[in-house]
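For reference, the chains in residue letters:
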Amino acid sequence: MSEVILVIGASGQIGTELVVKLREMYGTANVVASDIQIPSYDVMEGGPFELLDILNKRQIHKAIEKHKVTQIYLLAALLSATAEHHPKAAWELNITGLLNILSICTKQNIKKLFWPSSIAVFGPNTPKENAPQMTIMDPNTVYGISKQAGERWCEYYHRHHGIDCRSIRYPGLIGHKAHPGGGTTDYAVHIFIEALKNKSYNCFLDKDATLPMMYMPDAIDATIKLMESESSKINIRSSYNVSGMSFSPSELAAEIQKHIKRFKCTYSPDSRQQLATSWPRSIDDSVAREAWGWKPSFNLQQMTADMLSNLKYHL
Ligand code: NAD
Ligand code: SER
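Residues numbered from 1 in each chain as written. Chains lettered and ligands numbered in written order. Predicted model: local features only at pLDDT ≥ 70, side-chain atom pairs only at ≥ 80, totals over all residues. Heavy atoms only, no water.

1. Considerations on helix 1 (residues 15–26)
For helix 1, which comprises 12 residues, the first-to-last C-alpha distance of 15 Å matches the rise-based estimate of 16 Å (1.5 Å per residue) to within 8%. Considered for burial, the residues of helix 1 that qualify are G15, T16, E17, L18, V19, L22, R23 and Y26. Next to the buried residues of helix 1 lie strand 1 (5–8), strand 2 (31–35), helix 2 (41–45), strand 4 (71–74) and helix 8 (216–228). Following helix 1 by one or two positions, G27 has its phi on the positive side, about 95 degrees. (Helix = DSSP H or I, 4+ residues; strand = E, 2+ residues; numbered from the N terminus. Expected span 1.5 Å × (residues − 1). Buried < 20%, exposed > 50% of the residue type's maximum accessible area, 1.4 Å probe, protein only. Contact = heavy atoms within 4.5 Å.)

2. Some words on the packing of helix 1 against helix 8
One way to put it is that helix 1 packs onto helix 8 with a least axis distance of 10 Å and a crossing angle of 45 degrees. Taken together, the axes of helix 1 and helix 8 are oblique relative to one another. Remark: the crossing between helix 1 and helix 8 carries right-handed chirality. Residue-level contacts link E17, L18, K21, L22, M25 and Y26 of helix 1 to M216, I220, T223, I224 and E228 of helix 8. In terms of residue class, the contact of helix 1 with helix 8 is built from seven nonpolar, one polar and three charged. (Axes fitted to C-alpha atoms, helices over the stretch in contact; angles between N-to-C directions. Parallel < 35°, antiparallel > 145°, perpendicular 65-115°, else oblique. Left-handed = near helix turned anticlockwise from the far one by under 90°. Nonpolar A, V, L, I, M, F, W, Y, C, P; charged D, E, K, R; others polar.)

3. Overview of the environment of P217
The residue P217 is located in helix 8 in this model. Spatially, the C-alpha atom of P217 lies 9.6 Å from that of M303, the residues being 86 residues apart in sequence.

4. Quick look at the site of ligand 2
Close to ligand 2 lie L79, S80, S118, Y143, G172, G183, T184, T185 and W279. Separating an oxygen atom of ligand 2 from a side-chain N or O atom of S118 is a distance of 2.6 Å. Residue T185 places a side-chain N or O atom 2.6 Å away from a nitrogen atom belonging to ligand 2. For ligand 2, whose free accessible area comes to 240 Å², the fraction covered by protein is 94%. (Near = heavy atom within 4 Å. Polar contact = N/O pair within 3.5 Å; in protein donor to acceptor, adjacent residues only side chain to side chain. Areas by Shrake-Rupley, 256 points an atom, 1.4 Å probe, with all protein chains shown as cover.)

5. Digging into the site of ligand 1
Around ligand 1 sit 26 residues, and of these Q13, D35, Q37, D53 and Y143 come closest. D53 has a polar side-chain atom sitting 2.8 Å from a nitrogen atom of ligand 1. Between ligand 1 and the protein, one listed contact pairs a nitrogen atom with a backbone N or O atom of I54 at 2.9 Å. Elements represented by at least two residues in the shell around ligand 1 include exactly strand 6 (117–118), helix 6 (142–161) and strand 9 (172–174). Classifying every residue of the shell around ligand 1 gives 14 nonpolar, nine polar and three charged.

The structure is reproduced here in structure tokens:
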């Protein structure tokens, strides 16, 4: 039986790139993009699109029947910085939204679900360097609390309802095809755009705020690898640590300066710095590497060169 995939939250930073990749792999007609917002031209014109609100179970139910969906990628969420300003809305979207989909999966016989978690599941007492797969998790942000609860729900539905839930704790993601959606790590995309446009950037994080980050092609690759792996290899049903690179704003600025000599970065940390301070600086992803062969391709130097050459073209 051919797979039909529904991507919910397809107009965001990840969906914009993931939908295109999934359509290359499964065929354009077999990947239905959906969101409450109109997506990019490539997503809209490249295959089916449904305007769907994850909080409206009836709408989701009808779309699943209409397209005979067999798998769901659930990307709709409020990210860390926005969630701190709208805690109730964040809980509603991130947790009620997930529970809606988990319950629809059991009722409509959808066997496979991808749902992303985040490095925000870690908290101030998690080891700062090489945060292990299993460790102290005491998130103190609304977003982190919702992601930790989401991990527990995914594992629960796997155990009690046999849903093939698969998940990755994405680090901060950097890509050139879509704007980031309100996270603490958004600076690492904004800095490139401002460096090219204005040769200067005022960063909202401290110059030394080192965080785990990943280039979008690696994030897409990790997602597909995880979803394509045999079920027997998936030994974690909460969410896998995956790591790409770690850097601070000043290290990223120095790397950009190698390409744009006049670029100047200044620092005015705001409330997002507190979120960054609560997260680890680096992640141990050895469990994902061993279980399903995860390996990143991009380091800081390669990512910076690729971002600048692609953005130069777009801008
Ligand atoms: P994003 O904010 O760019 O996109 C989210 C999309 O969800 C938006 O297009 C939005 O319109 C849509 N949406 C919002 N409310 C909706 C609703 N009620 N119904 C349907 N769609 C709705 O987010 P992203 O960066 O693409 O992240 C996708 C997922 O990955 C999220 O779960 C996020 O927590 C996770 N994640 C992202 C990062 C990152 O750096 N981008 C890092 C860790 C985890
Ligand atoms: N990039 C995300 C954020 O900052 C991490 O989950 O919210």
